Amino acid sequence: MSRLKSSLPEDLAAHVKKNVADWQSGHKMQRLWQRDAALWTGDDEGKWLGWLDITEYQIAHPVELRNLAKEVWSAGFKQAVLLGMGGSSLCPEVLRMTFGKIAGYPDLHVLDSTDPAQIKALDEKIDIGRALFIVSSKSGTTLEPNIFKQYFFERTRQAVGADKAGSHFMAITDPASKMQQVAEHDRFRHIFYGRPSIGGRYSALSNFGMAPAAVIGIDIKKFLDRTQEMVRACGPSVPLEENTGAMLGIILGTAAVNGRDKVTIITSRDIADLGAWLEQLLAESTGKIGKGIIPVDRERLAGPEVYGNDRVFAYVHTAHATDVAVEAKIAALEKAGHVVLRISMSDTYDLGAEFFRWEIATAVAGSIIGINAFNQPDVEASKVVTRNLTSEYEKTGSLPAEKPVLEDKGIQIFTDEKNAAALAKAGADKSLAGYLKAHLGRIHAADYFALLAYIQMNAAHEEKLQAIRHAVRDQKRVATCLGFGPRFLHSTGQAYKGGPNSGVFLQITCDDAVDLPVPQQKYTFGVVKAAQARGDFQVLAERGRRALRVHLKDVESGLNTLESAVQSAVE
């Protein structure tokens, strides 16, 4: 099992040493395993630590998952489609991206977007009559998986008939949830239950991660046995300085409270999607009451001179997938005095162990930062606005009218009154480049820049957005984030709204070239996505965030125009 190696500057090392002593004298790892809420804020934290022993439980109860794998194999499903958001979708996505298609088992697709182009692309890619749909929702009340289910249940009913549609569906949900009722009513093939004492982002090793893993043919016993080694290594009786999860958490938490709060995730190519899972765990757990860690994923490595002293570099790789060029850049960062954490995994079957190590670390870091690591108080705020907007649409058939502050080169610019006044004061001229220059001019040292893109998530769009983020990173020398909406709302969105007010946000929305109906509703997927973007922006504005929205009439040409304008704005 891999150990953690750290390279810390002297000042941070001294703070870490002090916190290690505090955790030792206060028996804090023992208190964590005893589920002592006073380790955090003394609220309800003790009720959310069911993940501590879930691996042991899964190992002791293997039959259900083993039978699921056998059944899926014999049923001959060609594809599995997971319908979920955040903690229900990110672990299965990481597993699919890491293990690939396993012979004899279905190929897994994950849907976590209301973008109609993305849903249509998935619909066209799968053979409905040979697909198994996995509706994954802890509460059963989350908007997106519910409307995904409505859409694909209707598509399946059309393809195989009403009598057989339910046999193409299974649910993963908490006991007595609304989704359990739906699954029973529609005669789903299976219902797998989560544990109510495990929040979504800590649920990877519960059925929310392990049932999809079984469906796609991962060796669950091997996966969980490896994980259990890490559970033991993070246990309450392990000496603190040998406790890999505790030490990772103490370093992350200590770094964050001392201004190094941008955890930059670097992975080997074979585990490249691990960062997406870590983003949610770190951001949603710690980013609240003006504190927290801002995770940075998929940002290209550069020389030490590009980075400020607000960074922590976490380099996670498998033993056989080291990259000489990456290793050289990591070594240069260490030499320059940056915080570098190194974790070497034996192979991809160590992923479960990493899930647990980082869950322990996040809980420990949350204690040091001084927050409740298990709630998400700001996620609900934008959901409320979205619900109000979709309810309005159901009544009136339209969303409230909007007026842009500017339209230039096929792109509309929107913002709230406070941000508009600040941009005018900063000298924004009446052009796209002028507004972007004024907006990006509000980025200061130790800030971060985040692109929030409510467009189809695909390789071509990501390439354009990556070019934009790196133009800002390289010129402004700040951390940069990139999230596709609405999926990031269930991940990093909590930290953007509730964490440190150090973010400068550029939200991107678009006209939808195609739209899709939501069965049993007046609103469409395009309307839901628009309402989600508006809700997101409204809450960012209410929280005093520096935010600007650009709306693209045509996505492809609009991204090209935006990239050119950003390049000009930061020169």
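Being a predicted model, the structure only gives us computed values, none of them experimental.

1. Quick word on the overall build of the chain
Reasoning step 1: When helices and strands are counted, the chain shows 22 helices and 16 strands.
Reasoning step 2: In terms of overall size, the chain behaves like a compact globule, its C-alpha atoms giving a radius of gyration of 23 Å where 571 residues would be expected to give roughly 25 Å.
Reasoning step 3: Its C-alpha atoms put the chain at 65 × 65 × 45 Å along the principal axes.
Reasoning step 4: Expressed as a percentage of the 571 residues in the chain, the buried residues total 61%.
Reasoning step 5: The contacts of the chain with a sequence gap of at least 6 include a subset with a gap of at least 24, amounting to 80%.
Reasoning step 6: Of the roughly 21200 Å² of accessible surface on the chain, 50% is carried by carbon and sulfur atoms.

2. A closer look at the sheet that holds strand E7 (residues 262-267)
Reasoning step 1: Reading across the sheet, the five strands line up as E1-E10-E9-E7-E8 and stay open at both edges, with mixed pairing between neighbours. Edge strands, defined here as strands with exactly one partner in the open sheet, are strand E1 (4-7) and strand E8 (294-297). Within the sheet, the average angular offset between the axes of one strand and its neighbour, ignoring direction, is 20°.
Reasoning step 2: Judged from the four bridges that link them, E1 and strand E10 (residues 339-345) form a sheet pairing that is antiparallel. By the bridge assignment for E10, Ser7 is matched with Val340.
Reasoning step 3: Against the sheet, helix H12 (residues 244-257) contacts E1, E7, strand E9 (311-318) and E10, and its axis sits at roughly 25° relative to E1.

3. Overview of the pairing of E7
Reasoning step 1: With five of its six residues buried, E7 lies for the most part within the structure.
Reasoning step 2: Direction of pairing for E7 relative to E8: parallel, over a ladder of four bridges. Following the sheet pairing, Val263 is matched in E8 by Pro295.
Reasoning step 3: Read from E7 through helix H13 (residues 274-286) to E8, the crossover connection turns out right-handed.
Reasoning step 4: Pairing of E7 with E9 involves six bridges; the strand directions are parallel. Residue pairing across strands places Thr267 opposite Val316, the latter belonging to E9.

4. Remarks on the sheet that holds strand E2 (residues 79-83)
Paired through backbone hydrogen bonds, the strands of a sheet run either parallel or antiparallel to each other.
Reasoning step 1: The strand order across the open sheet built from five strands is E3-E2-E4-E5-E6, with neighbouring strands paired in parallel fashion. Of all strands in the sheet, those with a lone pairing partner are strand E3 (107-111) and strand E6 (190-193), marking the two edges. If you compare each strand with its neighbour and ignore which way they point, the axes differ by 20° on average.
Reasoning step 2: Bridge analysis of E2 against E3 gives five bridges, and the strand direction is parallel. In the sheet register, Val81 faces E3, and the bridge partner there is His109.
Reasoning step 3: Sheet contacts for helix H9 (residues 178-185): strand E4 (131-136), strand E5 (169-173) and E6; angle to E6, the most-contacted strand, approximately 165°.
Reasoning step 4: This element, helix H10 (residues 207-215), spans E2, E4, E5 and E6 of the sheet and lies at about 155° to E5.

5. A few points about the side chain of Gln150
Reasoning step 1: Secondary-structure assignment places Gln150 in helix H7 (residues 143-160).
Reasoning step 2: Owing to a relative accessible area of 14%, Gln150 belongs among the buried residues under this scheme.
Reasoning step 3: In contact with Gln150, other than residues within four places in its own chain, are Val518, Pro519, Gln520 and Gln521.

6. Details of the pairing of strand E15 (residues 503-510)
Reasoning step 1: Burial analysis of E15 places eight of its eight residues in the buried class, the great majority of the element.
Reasoning step 2: On E15, burial covers both faces: Gly503, Phe505, Gln507 and Thr509 on one face and Val504, Leu506, Ile508 and Cys510 on the other are all buried.
Reasoning step 3: Two elements, strand E13 (residues 448-453) and E15, share six bridges in a ladder whose sense is parallel. Counted as the bridge partner of Tyr448 is Gly503 from E15.
Reasoning step 4: Bridge count for E15 against strand E16 (residues 546-552) is seven bridges, and the pairing is parallel.

7. Comments concerning the environment of Ala211
Reasoning step 1: Structurally, Ala211 can be placed in helix H10.
Reasoning step 2: Accessibility expressed as a relative area gives 0% for Ala211, which makes it buried.
Reasoning step 3: Along the chain, Ala211 and Ala69 lie 142 residues apart, while their C-alpha atoms are 8.6 Å from each other.
Reasoning step 4: Apart from the residues lying within four places of it in its own chain, the contact partners of Ala211 are Leu65, Leu68, Met170, Ile172 and Phe192.

8. A short note on the packing of aromatic side chains
Reasoning step 1: Overall, the coordinates contain 24 aromatic pairs when judged by the stated rule.
Reasoning step 2: Ring centres 5.7 Å apart and planes at 85° place the aromatic pair Tyr151 and Phe525 in the edge-to-face group. Taken as a pair, Tyr151 in helix H7 and Phe525 in helix H21 (residues 525-542) lie far apart in primary sequence, 374 residues in all.
Reasoning step 3: Relative accessible area serves as the criterion here: at 8%, Tyr151 is assigned to the buried category.
Reasoning step 4: Relative to Phe169, the ring of Phe153 has its centre 5.1 Å away and its plane inclined at 55°; by these criteria the two rings are tilted. Residue Phe153 is found in helix H7, and its partner Phe169 is found in strand E5; the two are separated by 16 residues along the sequence.

9. Overview of the packing of H12 against helix H15 (residues 351-369)
The packing of two helices is summarised by the inter-axis angle and the distance between the axes.
Reasoning step 1: Contact geometry of H12 with H15 gives a least axis separation of 7 Å together with a crossing angle of 40°. On the basis of the axis angle, H12 is oblique to H15. Crossing of H12 against H15: the hand is right-handed. Residue-level inspection shows Thr244, Gly245, Ala246, Leu248, Gly249, Ile250, Leu252, Gly253, Thr254, Ala256 and Val257 of H12 in contact with H15, the latter providing Arg357, Trp358, Ile360, Ala361, Val364, Ala365, Ile368 and Ile369.

10. Here's the deal with the nonpolar core
Reasoning step 1: In terms of nonpolar packing, the biggest core is built from 93 residues, with Leu252, Trp277 and Trp358 touching the most fellow members.
Reasoning step 2: Per element, the largest residue contribution to this core is twelve residues, and it comes from H15.

11. As for the side chain of Ser285
Reasoning step 1: Take Ser285: it is sitting in helix H13.
Reasoning step 2: Within the structure, the side chain of Ser285 is placed 2.6 Å from the side chain of Arg201, a separation counted as a polar contact.
Reasoning step 3: When sequence neighbours within four positions are dropped, the list of residues in contact with Ser285 reads Arg201, Tyr202, Gln280, Thr362, Ile371, Asn372 and Ala373.

12. So, the pattern of salt bridges
Reasoning step 1: Within this structure, the stated rule accounts for 38 salt bridges.
Reasoning step 2: Residue Asp186 pairs with Lys149 through a salt bridge whose shortest N-O separation is 2.5 Å. Here Asp186 is found in the loop between H9 and E6, whereas its partner Lys149 is found in helix H7, with 37 residues between them in sequence.
Reasoning step 3: By relative accessible area, which is 10% here, Lys149 ends up buried.
Reasoning step 4: Residues Arg357 and Glu354 are paired through a salt bridge, measuring 2.7 Å at the closest nitrogen-oxygen approach. Of the two residues, Arg357 and Glu354 both sit in helix H15, three residues apart, roughly one turn of that helix.
Reasoning step 5: Residue classification places Arg357 among the buried residues on the basis of a relative accessible area of 0%.
Reasoning step 6: Among the charged side chains, a salt-bridge network with shared partners connects Glu299, Arg300, Arg311, Arg473 and Asp474.

Reading the values: the criteria
- Residues numbered from 1 in each chain as written.
- Predicted model: local features only at pLDDT ≥ 70, side-chain atom pairs only at ≥ 80, totals over all residues.
- Heavy atoms only, no water.
- Helix = DSSP H or I, 4+ residues; strand = E, 2+ residues; numbered from the N terminus.
- Rg over C-alpha atoms; globule rule 2.2 N^0.38 Å.
- Buried < 20%, exposed > 50% of the residue type's maximum accessible area, 1.4 Å probe, protein only.
- Contact = heavy atoms within 4.5 Å.
- Areas by Shrake-Rupley, 256 points an atom, 1.4 Å probe, with all protein chains shown as cover.
- Pairing = 2+ DSSP bridges.
- Axes fitted to C-alpha atoms, helices over the stretch in contact; angles between N-to-C directions.
- Right-handed = clockwise from strand over helix to strand, strands pointing away.
- Phe/Tyr/Trp six-rings, centres within 6.5 Å; stacked < 30°, edge-to-face > 60°.
- Parallel < 35°, antiparallel > 145°, perpendicular 65-115°, else oblique.
- Left-handed = near helix turned anticlockwise from the far one by under 90°.
- Core = buried A, V, L, I, M, F, W, Y, C linked by side-chain atoms within 4.5 Å.
- Polar contact = N/O pair within 3.5 Å; in protein donor to acceptor, adjacent residues only side chain to side chain.
- Salt bridge = Lys/Arg side-chain N within 4 Å of Asp/Glu carboxyl O.

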